[in-house]
Amino acid sequence: MKEIFLISEQTLKSRTILNNNVDNSYIAPAIRVAQDMGLQPLIGSKLFNRLKDLVATGDIAKDENSDYKKLLDEYITPFLENKVVADVQLSLVFKLRNQGVVSLTGENVYNPSLRDIQYLIQNYENKANFYGSRLSDYLKANNSKYPEYLKIDSCADMPSNKGAYNTGIFLG
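Read on for a plain summary of the structure. The structure presented is a predicted model; accordingly, all values stated were derived computationally and were not measured.

1. So, the overall build of the chain
Then, in step 1: The secondary structure content of the chain amounts to four helices and two strands.
Then, in step 2: Listed by position from the N terminus, the elements making up the chain come as α-α-α-β-β-α.
Then, in step 3: Among the 172 residues that make up the chain, the fraction classed as buried is 38%.
Then, in step 4: For the chain, the exposed area adds up to about 10300 Å²; of that, 51% sits on carbon and sulfur atoms.

2. A word on helix α4 (residues 114–141)
Then, in step 1: An ideal rise of 1.5 Å per residue puts 40 Å on 28 residues; α4 measures up with 40 Å between its terminal C-alpha atoms.
Then, in step 2: Residues Ile117, Ile121, Tyr124, Glu125, Ala128, Gly132, Leu135, Ser136, Tyr138 and Leu139 constitute the buried set of α4.
Then, in step 3: Buried residues in α4 make contact with α2 (24–57) and α3 (66–93).

3. Quick look at the packing of α2 against α3
Then, in step 1: The N-to-C vectors of α2 and α3 enclose an angle of 155°; their axes lie 6 Å apart at closest approach. Compared by their axis directions, α2 and α3 come out roughly antiparallel. Here α2 and α3 pass one another in a crossing that is right-handed.
Then, in step 2: Residue classes in the contact of α2 with α3 are distributed as 22 nonpolar, three polar and three charged.

4. What about α2?
Then, in step 1: Taking 1.5 Å per residue, 34 residues should reach 50 Å; α2 reaches only 23 Å between its end C-alpha atoms and comes up short.
Then, in step 2: At Gly44, α2 shows its maximal bend, which comes to roughly 115°.
Then, in step 3: Positive backbone phi, at 85°, marks Gly58, one or two positions downstream of α2.

5. Remarks on the nonpolar core
Then, in step 1: Among the nonpolar cores identified, the biggest contains 40 residues, and Leu39, Ile43, Leu47, Leu51, Leu71, Ile76 and Leu135 are the most heavily contacted of them.
Then, in step 2: Listed by contribution, the elements that provide at least two residues to this core are α2, α3 and α4.

6. Looking at the pattern of salt bridges
Then, in step 1: Throughout the structure, instances matching the rule amount to seven salt bridges.
Then, in step 2: Residue Lys62 is joined to Asp59 by a salt bridge in which the shortest nitrogen-to-oxygen separation is 3.2 Å.
Then, in step 3: Of the charged contacts, one joins Lys140 and Asp137 as a salt bridge, the two residues approaching to 3.8 Å between their closest N and O atoms. Taken together, the residues span about one helical turn, with Lys140 and Asp137 both in helix α4 at a distance of three residues.

7. Re the packing of aromatic side chains
Then, in step 1: The tally for this structure, following the rule as stated, stands at four aromatic pairs.
Then, in step 2: Geometrically, the ring pair formed by Tyr68 and Tyr146 is edge-to-face, given 5.4 Å between the ring centres and 80° between the ring planes. Pair noted here: Tyr68 is in helix α3 and Tyr146 is in the segment after α4, with a separation of 78 residues, a long-range link. A single burial state applies to Tyr68 and to Tyr146, both of which are buried.
Then, in step 3: An aromatic cluster is defined as three or more aromatic residues linked by ring pairs; in this entry it consists of Tyr68, Tyr75, Tyr138 and Tyr146.
Then, in step 4: Positioned above the aromatic ring of Tyr68, the side-chain terminus of Arg50 is 5.0 Å from the ring centre.
Then, in step 5: Sitting over the ring of Tyr124, Lys127 keeps its end group 4.6 Å from the ring centre.

8. So, the environment of Ser133
Then, in step 1: Considering the arrangement of structural elements, one finds Ser133 in helix α4.
Then, in step 2: The exposure class assigned to Ser133 is partly exposed, which follows from its relative accessible area of 23%.
Then, in step 3: With 91 residues separating them along the chain, Ser133 and Leu42 place their C-alpha atoms 8.9 Å apart.

The rules we used
Residues numbered from 1 in each chain as written. Predicted model: local features only at pLDDT ≥ 70, side-chain atom pairs only at ≥ 80, totals over all residues. Heavy atoms only, no water. Helix = DSSP H or I, 4+ residues; strand = E, 2+ residues; numbered from the N terminus. Buried < 20%, exposed > 50% of the residue type's maximum accessible area, 1.4 Å probe, protein only. Areas by Shrake-Rupley, 256 points an atom, 1.4 Å probe, with all protein chains shown as cover. Expected span 1.5 Å × (residues − 1). Contact = heavy atoms within 4.5 Å. Axes fitted to C-alpha atoms, helices over the stretch in contact; angles between N-to-C directions. Parallel < 35°, antiparallel > 145°, perpendicular 65-115°, else oblique. Left-handed = near helix turned anticlockwise from the far one by under 90°. Nonpolar A, V, L, I, M, F, W, Y, C, P; charged D, E, K, R; others polar. Bend = angle between axes of the 7 residues up to and from the residue. Core = buried A, V, L, I, M, F, W, Y, C linked by side-chain atoms within 4.5 Å. Salt bridge = Lys/Arg side-chain N within 4 Å of Asp/Glu carboxyl O. Phe/Tyr/Trp six-rings, centres within 6.5 Å; stacked < 30°, edge-to-face > 60°. Lys NZ or Arg CZ within 6 Å of the ring centre and 35° of its normal.

Distances and angles like these do not, on their own, reveal function.
Right under this line is the structure:
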């Protein structure tokens, strides 16, 4: 079965810091992780699978699915852009070879320190958290438009995390 991505490699390359020469074999696993571990817990399995089905069939572009298209374009895409950029960093810097973990260098290329890489990852994680919170707030305010958001049929379904990105600190 073909894997369905809610964001394309080309969109990532045109809207983020990912350069056109970044091999898609590094981007695809980062998209998978961002969708499965980042997006799916936010929106729940039912809504996640509904969106994937609409994208796979091309029905996302139909007028009757305009709410889902808006959700994808205005809320999910910015979240995935930043989550993927955060997730792809380590695989771009470090490679697993027969010799173990290596960092390749080229002519006139500066290899950033691990601290620099961690800073960059955290920067994009913070942006993804912002967009994830925005996505959660939008879904909570508009849950009648997305019946799958709160739906759970079995224990195999991942529920949406309606309290995503709350700190748990009560400030009075």
